[in-house]
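# Understanding the architecture of this molecule
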Amino acid sequence: MNIMLFHSIYGLRPAVRAAADRLRAAGHEVWTPDLFAGRTFETVEEARDHQEEIGKDELLKRAVLAAAPYSERGLAYAGFSLGAAIAQTLALGDDKARGLLLLHGTSDLAPNASVDELPVQLHVAEPDPFEPDDWLSAWYLQMGRAGADVEVYRYAGAGHLYTDPDLPDWDEEAAEATWRVALGFLETL
């Protein structure tokens, strides 16, 4: 599978590279575009300031430009938190998308979003301050109405970015469970 993997608001950190290596070891071809041009952050506040400085439209433009050379191959889009939101936007706009793997995040859907049974898998903490239950319920229903085939996995007690061992949210058990399920999902695409 060809996978476009987008980093979180913290930037292209070692955890993203390690995730890409794990995917490659499972036989996938993986690209990890650096939407922050080499910048990484230690705090969410610094990261959010940088994201706002770049702007949502510019981030999406960078993501589209990174994916464009490979989209004809039929990509699975994936991402961490902010990167998941970006991956979702790109997958819903790419009629050749093969799947969508969301780790720690979702995004708004355009009212006219439509896909043809796009396989989608979401892994998120429970509770997650950035993905509250009422939001996730509405998102799930909207994705279904758009035509996506959605699976949601919740991890009780895990922090928001629980797959990143360099952040306080790290939860080894939840992270390993996520990767077992996610690798199985990607094998089906």
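Here, the structure is the one placed above.
Residues numbered from 1 in each chain as written. Predicted model: local features only at pLDDT ≥ 70, side-chain atom pairs only at ≥ 80, totals over all residues. Heavy atoms only, no water.

### Here's the deal with the packing of aromatic side chains
The condition that has to hold: Paired rings are identified among Phe, Tyr and Trp, the last through its six-membered ring, by centres lying within 6.5 Å, and are further divided according to the angle between planes into stacked (under 30 degrees), edge-to-face (over 60) and tilted (the rest). Burial classes: relative accessible area under 20% of the type maximum marks a residue as buried, over 50% as exposed, and values in between as partly exposed (1.4 Å probe, protein chains only).
Taken as a whole, this structure holds four aromatic pairs when the rule is applied. Summarising the aromatic geometry, the rings of Phe36 and Phe41 are spaced 6.0 Å apart at their centres and angled 75 degrees between planes, so their arrangement reads as edge-to-face. Assigned by exposure class, Phe36 and Phe41 land together as buried. Relative to Tyr162, the ring of Tyr155 has its centre 5.2 Å away and its plane inclined at 45 degrees; by these criteria the two rings are tilted. By the burial criterion, Tyr155 is buried, and Tyr162 matches it.

### Describing the sheet that holds strand β1 (residues 2–6)
So the rule is basically this: Here, strands pair whenever DSSP counts at least two bridges between them. Elements are defined by DSSP. Helices are runs of H or I of four residues or more, strands are runs of E of two residues or more, and each kind is numbered from the N terminus. All axes are obtained by fitting lines to C-alpha atoms, using only the stretch in contact for helices, and the reported angles, taken between N-to-C directions, cover 0 to 180 degrees.
Read across the sheet, six strands follow the order β2-β1-β3-β4-β5-β6 without closing on themselves; strand pairing throughout is parallel. Only two strands of the sheet have a single partner each, and these edge strands are β2 (29–31) and β6 (149–156). For this sheet the average axis-to-axis angle between neighbouring strands, irrespective of direction, equals 15 degrees. Two strands pair when backbone bridges link them, and strand β3 (residues 75–80) and strand β4 (residues 99–103) are joined in this way by five bridges, in the parallel orientation.

### Some thoughts on the packing of helix α3 (residues 56–67) against helix α4 (residues 82–92)
The criterion, for reference: Less than a right angle of anticlockwise turn of the near helix away from the far helix marks a crossing as left-handed, whereas a clockwise turn marks it as right-handed. The contact criterion used is simple: two residues touch if any of their non-hydrogen atoms lie within 4.5 Å. Throughout, the ten residues Ala, Val, Leu, Ile, Met, Phe, Trp, Tyr, Cys and Pro are labelled nonpolar, Asp, Glu, Lys and Arg are labelled charged, and all others, Gly among them, are labelled polar.
Their axes nearest at 10 Å, the elements α3 and α4 cross at an angle of 65 degrees. Two packed elements cross with a definite hand, and for α3 against α4 that hand is right-handed. Contacts between α3 and α4 involve Leu59, Leu60, Ala63, Val64 and Ala67 on the former and, on the latter, Leu82, Ile86, Thr89 and Leu90. Partitioned by chemical class, the residues of the contact of α3 with α4 number eight nonpolar, one polar and no charged.

### Quick word on the side chain of Thr106
In plain terms, the rule: Between N or O atoms, a polar contact is any pair within 3.5 Å; within protein, one atom must be a potential hydrogen donor and the other a potential acceptor, and residues adjacent in sequence are included only when both atoms are from side chains.
Within the fold, Thr106 resides in the loop between β4 and β5 (119–126). Using a relative accessible area of 8% as the deciding quantity, one classes Thr106 as buried. In this structure the side chain of Thr106 is engaged in a polar contact, spanning 2.7 Å, whose partner is the side chain of Trp135. Setting aside its immediate chain neighbours within four residues, Thr106 contacts Ala85, Gln88, Leu122, Glu131, Trp135, Leu136 and Trp139.

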